[in-house]
Amino acid sequence: MSTFIQFVYFLVTVAFIVGLKAMSSPATARRGVQWAGYAMLAAVLVTFYLPGLHNYGLMITAIVIGAAIAWYLGKTVKMTDMPQMVAIYNGMGGGAAAAIAAVEFMRADAVHHSSVGLLAALGAIIGAVAFSGSCVAFAKLQGVLKKTYRVPQQNNVAFFLALFTFGIGLTIGFSSHPGGFELTVFFLLALALGVLLTLPIGGADMPVVISLLNAFTGLAVGFEGYVLANPLLIVAGTVVGASGTLLTLLMAKAMNRSIRTVIFAPITGEAQEAEGEVTGSLKEYSPDDAAATLRYAQKVIIVPGYGMAVAGAQHKVWEMAQLLEEAGVEVKFAIHPVAGRMPGHMNVLLAEAGVPYDKIFDLEEINAEFAQTDVALVIGANDVVNPAARTNKASPIYGMPILNVDQAREVLVIKRGKGTGYSGIENELFYRDNCHMVYGSAQEVVARIIQRLKELEA
Amino acid sequence: MDGMSALFIFMLAAFTGYEVIARVPVILHTPLMSGSNFIHGVVLIGGMIVLGQTPPDDAASLAIGFIAVLLGAANAAGGYVVTERMLAMFKSNKGAGESGR
């Protein structure tokens, strides 16, 4: 029986890797996650037959409650709230890894090799950090937590807290029977570390942080797999840890920021003091003005951002684009790698609305085209079109590749209000002579533009 | 399992994770992150093993083991639904005869 179970675990491991590979191509992505899903189900079923297990009642109760709640929330949540759902489910995985470590620590009969104690402690810290960090990320994306906080000497405090927690973790990992008080302090400190690391990080860096925490959880799962001598957990966890790290690096590269600067020198509005004065004035357009400008252009490039996601305006935006195309205007969509709150966030939303792939372009593909474009329509994006990233060395986003919308003949910006964007940085683009602002929720403004476009045709 | 072969497994798995997603298009970044989030939901298996091995009279360990299974199950189930929903949108698009990029 045991050999059979190990063989099923082996097949599950293969299915996970093949599924992940399939998920990296649009044609096979859906099949990939389904294979992985069946594999997960098989793994859970055979685990019930592992020899020497008890407490089946508790096990089944926990699985049913946890899975039912998560399934229901995952099914019903709005598409725009997906990023925070990924964050919170990821946090739960980290929490589970930390809890596994806790039970292993408390086992009276445990024979701890030094490597087991070390990896259990590491997995516990990383898992707890992923848990509390993901909760903070969830709170920020959900809008519950709006500000960033820094303690004085943030980096030093974090460093010594991490060192101290790791020290306690090692004593726990190597002692044969750690006390309850010691364990409680250890886990509280590890949780505090996760909060401390994520609280100062602003919204602009959130995609990178979620991806990093995802990689953390993978690593924690891999380490706990070693503690449990379970190769399935080791391989699946490590594969996610490695691919998550690569994904994090790709994202950070797109923002021209290293992981170190994201964590230790987060973007905040404070750096604003160093910037020069913004000259010019904000010029406002009504949605009707915007409709006419778009209708009589030859070529329009639409740049969506988080504002479109918040307003849930992607369907309206595509309807507007189709109306413009019927009127003979060439319409393209330009997507910055870190637009929104996760990489590919905008692609997902536009796909939901039914925009074909061949109208959607990456930054490198389309940046040269802005100079031959009549109108660049920015919908709820801010930092990813801020020219300060090219010119102003004092700006915290200096060096980040941006979409060169300012090179278009005219720029229209749909924006909720006059405030700064999520990262709190002023955008000089809005003050340029060729830029006009259309204030309002993306949903309402675009609906009004659509109505006006129809009137112009009639 | 002895430490050395585990080290080899760690190393090979790390390279696998790196290679498997090395050429993923930007359009799939979010679903892929979500998909890998689902895959580390395999931690559920670990939770089931520790809860199952806990003596039925050890209340503290039972409680923490219960939490491990609960959180692991939520990670796996939630991660799957979210990923599947995201990818379902890409499929409806492919039906229109568009080529993937």
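Small disclaimer: the values here were computed from a predicted structure and weren't measured.

Novice: I tried to follow the pairing of strand β4 (residues 375-379) of chain A on my own but got confused; where do I start?
Specialist: All names here are of chain A. For β4, the buried fraction is high: 5 of the 5 residues fall into the buried class. Every second residue of β4 is oriented toward a common face, with V375, L377 and I379 on one face and A376 and V378 on the other, all of them buried. Summarising the sheet, strand β1 (residues 299-304) and β4 pair through 5 bridges and their orientation is parallel. Of the residues in β4, the one forming a bridge with I302 is L377.

Novice: What exactly am I supposed to notice about the UniProt feature "transmembrane region" (unreviewed entry) in chain B here?
Specialist: Residue and element names in this part refer to chain B. When the UniProt feature table is mapped to this numbering, "transmembrane region" (unreviewed entry) covers residues 32-52 and 59-82. Helix and strand shares over residues 32-52 are 86% and 0% respectively, and the end C-alpha atoms of the span are 32 Å apart. Its end C-alpha atoms 34 Å apart, residues 59-82 is made of 100% helix and 0% strand.

Novice: What is the right way to look at the sheet that holds β4 of chain A in this model?
Specialist: In a beta sheet, neighbouring strands pair by backbone hydrogen bonds and run either parallel or antiparallel. Residues and elements named next belong to chain A. Reading across from one edge, β3-β2-β1-β4-β5-β6 is the order of the 6 strands in this open sheet, with parallel pairing throughout. Edge positions in the open sheet fall to β3 (360-362) and β6 (435-439), since each of these has one partner strand only. The average angle at which neighbouring strand axes cross in this sheet is 25 degrees, direction not considered. Where β1 lies against strand β2 (residues 330-335), 4 bridges are found, and the strand directions are parallel. Considered in β2, the bridge of K299 is made with E330. Contacts between helix α13 (residues 314-326) and the sheet are confined to β1, β2 and β4, with β2 contributing the most and set at about 145 degrees to the helix. The sheet contacts of helix α14 (residues 345-353) involve β1, β2 and β3, and relative to β2 the element is tilted by about 140 degrees.

Novice: What's the story with unusual backbone geometry in this structure? I'm lost.
Specialist: With the exception of glycine, the majority of residues adopt a negative phi angle, and the majority of peptide bonds are in the trans configuration. Residues and elements named next belong to chain A. Even without glycine at this site, N55 takes up a positive phi of about 60 degrees. Residue position: N55 is located in the loop between α2 (29-47) and α3 (56-76). Even without being glycine, A229 reaches a positive phi, approximately 55 degrees. Within the secondary structure, A229 sits in the loop between α8 (206-227) and α9 (231-254).

Novice: Just to check I follow, could you spell out the interface of chain B and chain A for this structure?
Specialist: Interfaces are frequently sized by the accessible area removed from exposure as the parts join. Taken together, the contact between chain B and chain A spans 83 residues of the former and 105 residues of the latter. Remark: the boundary between chain B and chain A carries 1 salt bridge. Notably, a salt bridge pairs R30 of chain A with E84 of chain B, separated by 2.8 Å at the nearest N-O pair. Where chain B touches chain A, the interface holds 15 residue pairs in polar contact (both at pLDDT 80 or more). Listing elements by their share of the side of chain B that touches chain A, those giving two or more residues are α1 (3-20), α2 (29-39), α3 (43-53) and α4 (59-94) of chain B. Residue contributions to the side of chain B that touches chain A peak at 32 residues, all from α4 of chain B.

Novice: Just checking my understanding: could you explain α1 of chain B for this structure?
Specialist: Owing to its 3.6 residues per turn, the α-helix brings residues three or four apart onto one side. Residues and elements named next belong to chain B. Spanning 18 residues, α1 covers 25 Å between terminal C-alpha atoms, matching the ideal 26 Å at 1.5 Å per step. What α1 keeps buried is the set A6, F10, A13, G17 and V20. Axial view of α1: buried residues confined to an arc of 110 degrees, hence all on one face. Across α1 from its buried face, at more than 90 degrees, point the exposed residues L12 and F15.

Novice: Just checking my understanding: could you explain the packing of aromatic side chains for this structure?
Specialist: Any aromatic ring pair is given by two values, namely how distant the centres are and how the planes are angled relative to each other. One pass over the full model with this rule turns up 10 aromatic pairs over all chains. Both rings, one in F7 of chain A and one in F10 of chain A, keep their centres 6.3 Å apart while their planes meet at 25 degrees; by these two values the pair is stacked. With F7 of chain A and F10 of chain A both in helix α1 (residues 2-22) and 3 residues apart, the pair spans about one turn of that helix. By relative accessible area, F7 of chain A is classed as partly exposed at 47%. Residue class for F10 of chain A comes out partly exposed when judged on its relative accessible area of 49%. Ring centres 6.2 Å apart and planes at 20 degrees place the aromatic pair W71 of chain A and Y80 of chain B in the stacked group. Residue W71 of chain A is found in helix α3, and its partner Y80 of chain B is found in helix α4; the two belong to separate chains. Members of the aromatic cluster, joined through ring pairs, are W71 of chain A together with F38 and Y80 of chain B. A cation over an aromatic ring shows up here: K332 of chain A above the ring of F361 of chain A, its NZ or CZ 4.9 Å from the ring centre.

Definitions and cut-offs
- Position numbers for residues count from 1 along each chain, tracking the sequence in the order it is written.
- For naming, the first written chain is A and the first written ligand is 1, with later ones following in the order written.
- Selection of residues for local features in this predicted model requires a pLDDT of at least 70, selection of side-chain atom pairs for listing and counting requires 80 or more, and totals for whole chains, interfaces and linings are taken over all residues.
- To get the side-chain values, take all heavy atoms of the structure and skip hydrogens and water.
- For every residue, the accessible area (1.4 Å probe, protein chains only) is compared with the maximum for its type, and the residue is labelled buried under 20%, exposed over 50%, or partly exposed between those bounds.
- Segments assigned H or I by DSSP are reported as helices when at least four residues long, segments assigned E as strands when at least two residues long, and all are numbered from the N terminus.
- Paired strands are those between which DSSP finds at least two bridges.
- UniProt positions are given in the numbering used here, feature names are shortened, and annotations may be inferred rather than shown by experiment.
- Here, axes are lines fitted to C-alpha atoms. For helices the fit covers the stretch in contact, and angles between N-to-C directions go from 0 to 180 degrees.
- What makes two residues a contact is simply this: any of their non-hydrogen atoms within 4.5 Å.
- Should a side-chain nitrogen of Lys or Arg be within 4 Å of a carboxyl oxygen of Asp or Glu, the pair is scored as a salt bridge.
- Each polar contact in these results corresponds to two N or O atoms within 3.5 Å; when the atoms are within protein, one needs to be able to donate a hydrogen and the other to accept it, and residues that are neighboring in sequence are counted only if both atoms are side-chain atoms.
- Here a helix's expected span is defined as the number of its residues, less one, multiplied by 1.5 Å.
- Throughout, the arc means that of the directions going from the helix axis to the C-beta atoms.
- Classification of ring pairs rests on two measures: the distance between centres of Phe, Tyr or Trp rings, Trp counted by its six-membered ring, which must be within 6.5 Å, and the angle between planes, read as stacked under 30 degrees, edge-to-face over 60 and tilted in between.
- By definition, being over a ring means that NZ of Lys or CZ of Arg is both within 6 Å of the ring centre and within 35 degrees of the ring normal.

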